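A closer look at the structure
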Amino acid sequence: MSVLGIYRPGDSVVHRLPAGVKLLALAGIGAVSAFVHAPAPAIALVGVAVLGFVAAAIPAAAAARQLRPLLPVVVLVGAVQWFNRGGPAAATTVGVLAALLLLATLVSLTTPTAEIVQALVALVAPLRRFGIDPERVGLLLALGIRAVPQIVDLARTIRDAQRARGLTADPRAFAVPLIVRSLRQADLTGEALRARGIDD
Amino acid sequence: MSEIVFDGVSHDFGAERVVDDVSLVLRERRVGIVGANGSGKSTLARMINGLVEPTVGRVLVDGLDVARHGREVRRRVGFVFTNADNQIVMPTVREDVALGLRRHRLSRAEVAHRVEAALDAVGLGDHADHPAHLLSSGQKQLLALTSVLVTEPDVLVLDEPTTLLDLRNARDVVRRLTGLRQQVVLVTHDLTALDGFDRVLTIDAGRVVFDGDPAGAVAAYVAAMA
């Protein structure tokens, strides 16, 4: 089961690839995409991403569920590009953006969160000589990941309390307690780390 | 057992004195602390682990001044919070238990072995890769306890560990405490949890108003509430 509820267990070739390989491939394709200036290679990148989903046997509905919240951004970027630089440039930008979003989603859908964190820790290991502690980087990532469901829970609790008191249309009554309680939660996490001797 | 010394300890939160001139030596295997909300009992317990430092006086664990030797003391003293959600800081059950072993400089294989054994011992072995935030309240408190016990502390301080649990889970936690080899300092409102304890302190307005057997401490607590 995934910490963030995104990972879909499977036994496909994409699932079996080491997390570090997937992350490096994603970074590599991201770097290459900077040199894509025409619609055809952009569409080819989208094709590569779609092939990845097919190879991973991810149902289209599951992929769409992850990508739907990002669609407005893609549409907005495409519209701005169309207005400023014309159709081909818009198609190129949208194609590259869509391909990268699809590939990032594919990595998330086929890799457990813990493996992503471990891979990132391994990838930053060479930076130890520059004073960067890879274990600390991993701890920061893990704490960040752990904070997501905590803040979602906080938001849900505050929204329920708002509803119970008939304050559904007051964004301030939502935002202020959410920020205050999130900061309080951060304090408590720091206290727990101290109590457990982490960072001593 | 370890020796926990409170030597003329007071603690102020702002202008308010929440612990007032407490001097104690705790050597017993099972020590309970009871008292009303805001009486200072949690502050007292937090001083043993160095989460709170005295404004006046010293707290010593096996001769080590907690304020000056916090790192060494925290290796000896594990702390369990009331709300396990505040204590569990890692995304998955396995990672949270492994976190405490970071400072022990063990091999990966040894960490994996210890984590697995610890989780199996409390029946959470099947949940090792489960997101910690999706566990039940009882399972979370067991995880919090396991994450501390896996580091093999000499002393275990628990600050109202059963307050947020239903009766079954509360009894499960108390039952597990009974079998531990560690010296236990338990802050609680659950007076039945103190059965068989060697020594129980009743705290009121930051002072120790009773120090003795569980029955006497409960009577003193009830009297303080009257």
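Residues numbered from 1 in each chain as written. Chains lettered and ligands numbered in written order. Predicted model: local features only at pLDDT ≥ 70, side-chain atom pairs only at ≥ 80, totals over all residues. Heavy atoms only, no water.

**Some words on the pairing of strand β7 (residues 155-159) of chain B**
All names here are of chain B.
- Most of β7 sits inside the fold, with five of its five residues counted as buried.
- Of the two faces of β7, the one carrying Val-155, Val-157 and Asp-159 and the one carrying Leu-156 and Leu-158 are both buried.
- Here strand β6 (residues 77-80) runs beside β7; their pairing, made up of four bridges, is parallel. Opposite Val-77, over in β7, you have Val-155 as the bridge partner.
- As defined by bridge partners, β7 adjoins strand β8 (residues 183-187) across five bridges and the pair is classed as parallel. If you follow Val-155 over to β8, its bridge partner there is Gln-183.
- In the classification by handedness, the crossover that spans β7, the intervening helix α7 (residues 167-178) and the parallel β8 is right-handed. (Buried < 20%, exposed > 50% of the residue type's maximum accessible area, 1.4 Å probe, protein only. Helix = DSSP H or I, 4+ residues; strand = E, 2+ residues; numbered from the N terminus. Pairing = 2+ DSSP bridges. Right-handed = clockwise from strand over helix to strand, strands pointing away.)

**A word on the packing of aromatic side chains**
- Applying the stated rule across the entire model yields one aromatic pair over all chains.
- A ring pair is formed by Phe79(B) and Phe81(B), whose centres lie 5.0 Å apart and whose planes are at 65°; its orientation type is edge-to-face.
- The exposure class of Phe81(B) is buried, given its relative accessible area of 5%.
- Here the guanidinium or amino end of Arg159(A) rests over the ring plane of Phe174(A), the centre of that ring lying 4.6 Å away. (Phe/Tyr/Trp six-rings, centres within 6.5 Å; stacked < 30°, edge-to-face > 60°. Lys NZ or Arg CZ within 6 Å of the ring centre and 35° of its normal.)

**Things to note about a nonpolar patch on the surface**
- On the surface, a cluster of nonpolar side chains totalling about 280 Å² of accessible area is made up of Leu127(A), Phe130(A) and Ile132(A).
- As for its position among the elements, Leu127(A) is in the loop between α7 (113-124) and α8 (134-164). (Patch = residues over 30% accessible without salt bridge, like charges linked within 9 Å, V, L, I, M, F, W, Y side chains within 5 Å. Areas by Shrake-Rupley, 256 points an atom, 1.4 Å probe, with all protein chains shown as cover. Salt bridge = Lys/Arg side-chain N within 4 Å of Asp/Glu carboxyl O.)

**A closer look at the interface of chain B and chain A**
- Contact with chain B, which involves 30 residues of that partner, is made by 25 residues of chain A.
- Carbon and sulfur atoms make up 55% of the surface buried where chain B meets chain A, a total of about 2500 Å² over both sides.
- Among the residues chain B hides against chain A, the three largest losses belong to Val89(B), Arg102(B) and His133(B). Together they make up 22% of the total.
- In this structure, the connection of chain B to chain A is made through three salt bridges.
- The salt bridge involving Asp96(B) is made with Arg196(A); its shortest N-O contact spans 3.1 Å.
- At the surface where chain B touches chain A, the tally comes to eight residue pairs in polar contact (both at pLDDT 80 or more).
- Secondary structure elements with two or more residues in the side of chain B that touches chain A: α1 (41-49), α2 (70-76), α3 (84-87) and α4 (93-99) of chain B.
- Classifying every residue of the side of chain B that touches chain A gives ten nonpolar, ten polar and ten charged. (Contact = heavy atoms within 4.5 Å. Buried area = accessible area lost by both parts, 1.4 Å probe. Polar contact = N/O pair within 3.5 Å; in protein donor to acceptor, adjacent residues only side chain to side chain. Nonpolar A, V, L, I, M, F, W, Y, C, P; charged D, E, K, R; others polar.)

**Re the pattern of salt bridges**
- Under the criterion given, the structure shown has 20 salt bridges over all chains.
- One salt bridge in this structure joins Arg16(A) and Asp11(A), with 3.8 Å as the shortest N-O distance. For the pair Arg16(A) and Asp11(A), one class covers both residues: exposed.
- Across the salt bridge formed by Arg94(B) and Glu116(B), the nearest N and O atoms sit 3.6 Å from each other. Placement of the pair is Arg94(B) in helix α4 and Glu116(B) in helix α5 (residues 108-121), with a sequence separation of 22 residues.
- A residue is classified by how much of its surface remains accessible, and Arg94(B), at 28% relative accessible area, is partly exposed.
- It is possible to trace a salt-bridge network through shared partners that takes in Arg146(A), Asp85(B) and Lys140(B).

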